Amino acid sequence: MELTLWTYEGPPHVGAIRVAASMRDVHLMLHSPQGDTYADLLFTMIERDGRRPPVTYTTFQARDLGSSTAEIVIKSLREAAERYKPQVLMVADSCTAELIQDQPGALALGADLPVPVISLEMAAYTRKENWGAAETFYQLVRGLLSRNAPAPGTQRPSRDPAVRPSVNLLGPTKLGFRCRDDVVEVERLLNSMGVDVNVVAPLGASPQDLLSIPNADANVNLCPEVSDLTCSWLARTFGMPTIKTIPMGWGATRDFIAEVAATVGIEVNMDQVGASRLPWYSRSIDSTYLTGKRVFVFADGSHAVAAARVARDEMGFEVVGIGTYSRERARDVRAAAKEYGLEALITDNYLEVEARVQELQPEMVLGTQMERHIAKRLGIPCAVISTPAHVQDYPARYSPQMGFEGANVLFDTWVHPLIMGLEEHLLHMFRDDFEFNDSVGPSHLGSEGEGARAAKTENAQDSETDETIVWAFEAEKELKKIPFFVRGKARRNTEKFAEEHGLSTIEVDTLYDAKAHFSN
Amino acid sequence: MSAVIVSSTESHHAGPQVQERGQRAVFCGLTSIIWLHRRIQDAFFLVVGSRTCAHLIQSAAGVMIFAEPRFATAILGERDLAGMADCHEELDRVVSELIARRSGINRLFLVGSCPSEVIKLDLETAAAKLQAKHENKVRISSFSGSGIETTFTQGEDQCLKSTVAELPTLEAGKENLIVLGTVSDIVEDQFRRLFDELGITDVHFYPGRKAGDMPPIGPGTRLIAAQPFVGETARALIARGAVLIEAPFPLGAEGSKSWFEAIAEAYSRPDDLVQHVLELPYQRAKRAVSSHRSKLEGKRIHFLPDSQLEIPMARFLSEECGLAINEIGTPFHDQLVMRGELSRLAPEVPIVEGQDLDPALERVRESRPDLTVCGMGIANALESEGLRTKWSIELVFSPVQGFDQAGDLASLFAKPLVRESILEVGSWS
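Rules and cut-offs
- Residues numbered from 1 in each chain as written.
- Chains lettered and ligands numbered in written order.
- Predicted model: local features only at pLDDT ≥ 70, side-chain atom pairs only at ≥ 80, totals over all residues.
- Helix = DSSP H or I, 4+ residues; strand = E, 2+ residues; numbered from the N terminus.
- Buried ≥ 20, exposed ≤ 12 C-beta atoms within 10 Å, placed from the backbone.
- Contact = placed C-beta atoms within 7 Å.
- Rg over C-alpha atoms; globule rule 2.2 N^0.38 Å.
- Pairing = 2+ DSSP bridges.
- Core = buried A, V, L, I, M, F, W, Y, C linked by C-beta atoms within 7 Å.
- Right-handed = clockwise from strand over helix to strand, strands pointing away.
- Nonpolar A, V, L, I, M, F, W, Y, C, P; charged D, E, K, R; others polar.
- Domains from an automatic or database assignment.
- pLDDT = per-residue confidence, 0-100.
- Axes fitted to C-alpha atoms, helices over the stretch in contact; angles between N-to-C directions.
- Parallel < 35°, antiparallel > 145°, perpendicular 65-115°, else oblique.
- Left-handed = near helix turned anticlockwise from the far one by under 90°.

K.L.:
I would appreciate a short explanation of the overall build of chain B in the present structure.
P.N.:
Secondary structure summary: chain B contains 17 helices and 14 strands in total. With the C-alpha coordinates of chain B rotated into their principal frame, the extents come out at 60 × 60 × 40 Å. Each of the 429 residues in chain B was classed as buried or not, and the buried ones make up 54%. Contacts in chain B between residues at least 24 apart in sequence constitute 77% of all its contacts with a sequence separation of at least 6.

Quick look at the structure:
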């Protein structure tokens, strides 16, 4: 039993619904009690989808238990097949249905339905949403394609040189982070290097489309949370290579181009494929103030790893913490953390994440909707880079995270919550200005600025400090003259300095000694 | 485990009334926690369930709108289900952790869910054991908000019913009034002022703002419902001697007036005093409603089942705003608390209890009403088909009762129609 206040991921069957809702001509029959239909609003409200997900719920009740739940399953299957006429009917249990063991998959296979059935096992008590999406996508692809598999050991025929190379984009789904726009951007990128997109799936694909997956030269594992399993199976079964670089950020986009070119065997002139403004924006002197800003990164596995690289190599930030809620991706994130000399935080308990943010006192948080709230509470600027996300992170405008345009979007989105360079200087100089001070927040953000609430949470942060070291009154007063967005760092450094030098009281001079000591 | 979803077939509605069985698109009773935990400020709700339960509550509430909510989920894992871990010991550990963390909590509700009901986890016994351990610190009890037993707003009824046995007994010869069902704080304040003016004293709102606000109950207790999701609690209170005052719900100018008049009559307050006290707020409410009437009059409205507020809302809209009622779908039609409403509803209005989603949506598509009241999962789907909707959860989450909210209530329904007339852009593409 695990005490949970907020959860990063839904249950696995929500992953199955994501796959079904992303596709055309499939239907999911979910054996589930009344109430599980709340999942519909994730799509219709958060993503503003104009249709209900293609799901029929059995919505059984207590009075049905023990007698008629299996009959409800069969009735629901028949009605769904008749009403929606899908090319494929998927069948799954939600958590409660798993307990009553009606085996709806077996019932469906025995019901002589006029439609192919894919039975899913969702392991509700051990797994979570992304696993459920990955498993569903895999079962669907395997179920449709396994009979077309070549004999093991068959050499994959090489492409006719007259045919343009093509790849599949696998993994994007509804409720994924900016999947809608990333697909457009990556397709544009591939087209500009002379590579066609054969199938995009699950997003927008029909089961018929999935049948043509093997016609491409390779698979792009665009959202490994969803597509890893499927890409591995396609590699094993059809000998299709997997393109693993996620084109997020300027450098990764160029690496992606190189990997695609090498995989499909073409030559490309990198600079003719496209360009981003990120490198110049980051080099322009206005961005100097971004240097060494301490950022904390927490997201799903692929976004955490990609964002950390952009943060350090392309924005000039210092990555002071990295983590993920996704245990399936823990290995990747741990490996990335090593590169930054860090220990990765692998947890799906948001209280642990909050404690880490409080302890590290970063100057910026790149996270999910959960971290947005943590950062808001602690008065730290934050940009959302990953699911779970809320309605405002499904924007009307084109806003990809991938490709060269994606790099532009990342630059803008991450700089936006920060106080701009010259403004930061003025706040240092004239702290007591009654209209323009750090408790007001960044001027371009109005009262919504994250800094506006900083003062309220500072006492909470104070209580974290080591009790054996005392701040002298004058030193405390001097500390308050330092703007909030660096005050936490100054406090921490000074206390560390005092501790290292065996000082029990911090005087004004200690503050400046520490400042000199840590100045670099 | 008892099925409480379908009511008795006894009916006070003269018109067509059917029960539908099939796919239901409604929340489960756990959703009630969203307003209950805000209303009872020192209570904590611990759902014993699955990740689905946790995800449902946070999705219905809008992800993380509260810094640290007064609800949480103890998520059952495979070890609990396989019997490798003793559920009661596990619950003991989780509850101790929680109580240590939240020292200001005076009341802890263990809330049963579909999985906990199906594995027959006895939360009542668990609560009693935990109570013994945490005696004098926090009051611990249980109720079920599971989807197999309750829909959406029925969770509140189960919660309140679970506390009825704790209510102290009203001294013989004394009188009091219990206003039953969560109302917003501002509505409580307005109602208290009117009760004072009417000379009705010793009024208790149940649930109150604090978990310890436990009204005494006995044969001297008069009982009135402020909203419909309290039927079972009302029965439990009646069993302890309370007398139910029959009235329409205090929605709209007329509903509010009738509600107060019914109470005043039960107290035999002089008619001229009652009319004098109610006249000003009543006229003010009529003025407020009338400013929206032109936008609503003559429009056809269709209710899909969701909150149990459908019947009183339909009564308000037809009686005071001139709307024509297409169909009233309601997840659960409790005849006891709805008596005061049915006589004011036009006899030809069909009432459909329960749901079969796909045929119900087809009826909406066929008749194309001007406004459809429905749950959040369905509203945008209908909007994209060019139909106007009002998502009904707003009716539960906003202050709607009483004279001074009558205009707001009308405006909730008028807004989608006004918006339709303002917008010069096409719909879903």
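K.L.:
Any chance you could explain the overall build of chain A here in plain terms?
P.N.:
The helix and strand inventory of chain A stands at 22 helices and 16 strands. Relative to the compact-globule value of 24 Å for 520 residues, chain A shows a C-alpha radius of gyration of 26 Å, a close match. If you line up chain A on its principal axes, its C-alpha atoms span 85 × 65 × 40 Å. Looking at the 520 residues of chain A, the share that counts as buried comes to 52%.

K.L.:
For this particular structure, what's the right way to read the sheet that holds strand S9 (residues 243-244) of chain B?
P.N.:
Hydrogen bonds between backbone groups are what pair the strands of a sheet, and the pairing can be parallel or antiparallel. Residues and elements named next belong to chain B. Taken together, the four strands give an open sheet; going across it, the order is S7-S6-S8-S9, and neighbouring strands pair in parallel fashion. Across the chains shown, the open sheet's two edge strands, defined by having one partner strand only, are strand S7 (203-206) and S9. Taken together, the five bridges between strand S6 (residues 176-180) and strand S8 (residues 221-225) define a ladder with parallel strand orientation. Counted as the bridge partner of asparagine 176 is threonine 221 from S8.

K.L.:
Help me understand the nonpolar core in this model?
P.N.:
Nonpolar side chains tend to gather and get buried jointly when the protein is soluble and globular. If you look at the biggest cluster of nonpolar residues, it comprises 274 residues, and the most contacted ones within it are A:Met90, A:Val297 and B:Leu46. Apart from the residues lying within four places of it in its own chain, the contact partners of A:Val297 are A:Ala304, A:Ala307, A:Ala308, A:Ala311, A:Val319, A:Gly321, A:Ile322 and A:Leu366. Among the nonpolar cores identified, the runner-up in size contains six residues, and A:Trp471, A:Ala498, A:Leu511 and A:Ala514 belong to it.

K.L.:
Help me understand the environment of B:Phe413 in this model?
P.N.:
Residue and element names in this part refer to chain B. Turning to its location among the elements, phenylalanine 413 is positioned in helix H17 (residues 406-422). Here the alpha-carbon distance between phenylalanine 413 and serine 392, two residues 21 residues apart in the chain, equals 9.9 Å. For phenylalanine 413, the residues in contact, after removing those within four places along its chain, are Leu296, Leu317, Leu371 and Lys390.

K.L.:
Would you mind showing me how to read the pairing of S6(B) here?
P.N.:
As a general feature of sheets, a regular strand has side chains that alternate between the two faces. Residue and element names in this part refer to chain B. Across the five residues that make up S6, a large majority, five, are buried. What you see with S6 is no split at all: Asn176, Ile178 and Leu180 on one side and Leu177 and Val179 on the other are buried throughout. Pairing of S6 with S7, which is carried by four bridges, proceeds in the parallel orientation. Its bridge partner being in S7, valine 179 is matched across the sheet by phenylalanine 205. In the classification by handedness, the crossover that spans S6, the intervening helix H8 (residues 185-198) and the parallel S7 is right-handed.

K.L.:
Honestly, the interface of chain A and chain B in this entry has me stumped. Any pointers?
P.N.:
Quoted interface sizes are often the accessible area lost when the parts come together. The interface is formed by 49 residues belonging to chain A together with 54 residues belonging to chain B. At the level of secondary structure, the elements contributing two or more residues to the side of chain A that touches chain B comprise strand S1 (2-4), helix H2 (39-46), strand S3 (55-57), helix H4 (95-100) and helix H16 (369-378) of chain A. When residues in the side of chain A that touches chain B are grouped by element, the largest group, five residues, is from H2(A). Looking at the side of chain A that touches chain B, its residues break down into 21 nonpolar, 17 polar and 11 charged. Inspection of the sheet shows S1(A) paired to strand S3 (residues 71-75) of chain B by three bridges, in the antiparallel sense. Each residue of the ladder has a partner; that of A:Thr4, found in S3(B), is B:Thr73.

K.L.:
Can you help me understand the domain arrangement of chain B in this one?
P.N.:
Residue and element names in this part refer to chain B. Domain boundaries assigned for chain B yield domain 1 (29-150), domain 2 (176-273) and domain 3 (291-422). For domain 2 and domain 3, the distance between their C-alpha centres works out to 25 Å. In this complex, domain 2 contributes 26 residues to the contact, which on the side of domain 3 involves 25 residues. Sorting the residues of the side of domain 2 that touches domain 3 by element identifies H8, helix H9 (231-239) and helix H10 (252-266) as the ones contributing at least two each. Broken down by element, the residue count for the side of domain 2 that touches domain 3 peaks at five residues, all from H10. Looking at the side of domain 2 that touches domain 3 residue by residue, the class counts come to 16 nonpolar, seven polar and three charged.

K.L.:
In this structure, what is going on with the confidence of the model for chain A? I would like to understand it.
P.N.:
Residues shown with low pLDDT carry predicted positions that ought not to be read at fine detail. Overall, the predicted model of chain A reaches an average pLDDT of 90, with 91% of residues at or above 70. Under a pLDDT of 50 for its full length, residues 447-465 of chain A has, in the predicted model, 33 contacts with residues more than four places off or in other chains.

K.L.:
Would you take a moment to explain the packing of helix H4 (residues 87-101) of chain B against helix H6 (residues 123-133) of chain B for this structure?
P.N.:
Axes are the key here: two packed helices are described by the angle between their axes and the distance separating the axes. Residues and elements named next belong to chain B. With their axes 11 Å apart at the nearest point, H4 and H6 run at an angle of 50 degrees to one another. Here H4 lies oblique to H6, going by the angle between them. By crossing handedness, the relation of H4 to H6 is classed as right-handed. Of the residues in H6, those in contact with His88, Leu91, Asp92 and Val95 of H4 are Ala126, Lys129 and Leu130.

K.L.:
Would you take a moment to explain unusual backbone geometry for this structure?
P.N.:
A negative phi holds for most residues other than glycine; trans holds for most peptide bonds. In this model, A:Ala201 is joined to A:Pro202 through a cis peptide bond whose omega is 0 degrees. On the secondary structure map, A:Pro202 appears in the loop between strand S7 (196-201) and helix H8 (207-211). Cis geometry is found at the peptide bond from B:Tyr206 to B:Pro207, where omega equals 5 degrees. Here A:Arg48, not a glycine, exhibits a phi torsion of approximately 55 degrees, which is positive. For A:Arg48, the location among the structural elements is in the loop between H2 and S3. One non-glycine residue, B:Asn136, adopts positive backbone phi at about 70 degrees. Along the chain, B:Asn136 falls in the loop between H6 and strand S5 (139-144).

K.L.:
What is the right way to read the sheet that holds strand S6 (residues 166-170) of chain A from this model?
P.N.:
Residues and elements named next belong to chain A. The four strands lie next to each other as S7-S6-S8-S9, forming an open sheet whose pairing is parallel. If you trace the sheet from one side to the other, it starts and ends with S7 and strand S9 (242-243), each paired once. As judged from the four bridges shared by S6 and strand S8 (residues 218-221), these two strands associate in the parallel manner. Residue pairing in the sheet places asparagine 168 in a bridge with asparagine 219 of S8. Against the sheet, helix H9 (residues 224-238) makes contact with S6, S8 and S9, and its axis sits at roughly 160 degrees relative to S8, the strand it touches most.

K.L.:
I keep staring at the environment of B:Ala360 and nothing clicks. Help me out?
P.N.:
Residue and element names in this part refer to chain B. Topologically, alanine 360 is positioned in helix H14 (residues 357-367). Between the C-alpha atom of alanine 360 and that of glycine 402, which follows or precedes it by 42 residues, the distance is 32 Å. Setting aside residues up to four positions removed in sequence, alanine 360 forms contacts with Leu304, Gly329 and Gln355.

K.L.:
How should the confidence of the model for chain B be read in this particular structure?
P.N.:
All names here are of chain B. On average, residues of chain B score 92 in pLDDT, and 95% of them reach the 70 mark or higher. Per-residue pLDDT stays below 50 along residues 1-9; that stretch engages in 22 contacts with residues further than four places along the chain or on separate chains. On the interface metric, ipTM, the complex scores 0.93, and its pTM is 0.91.

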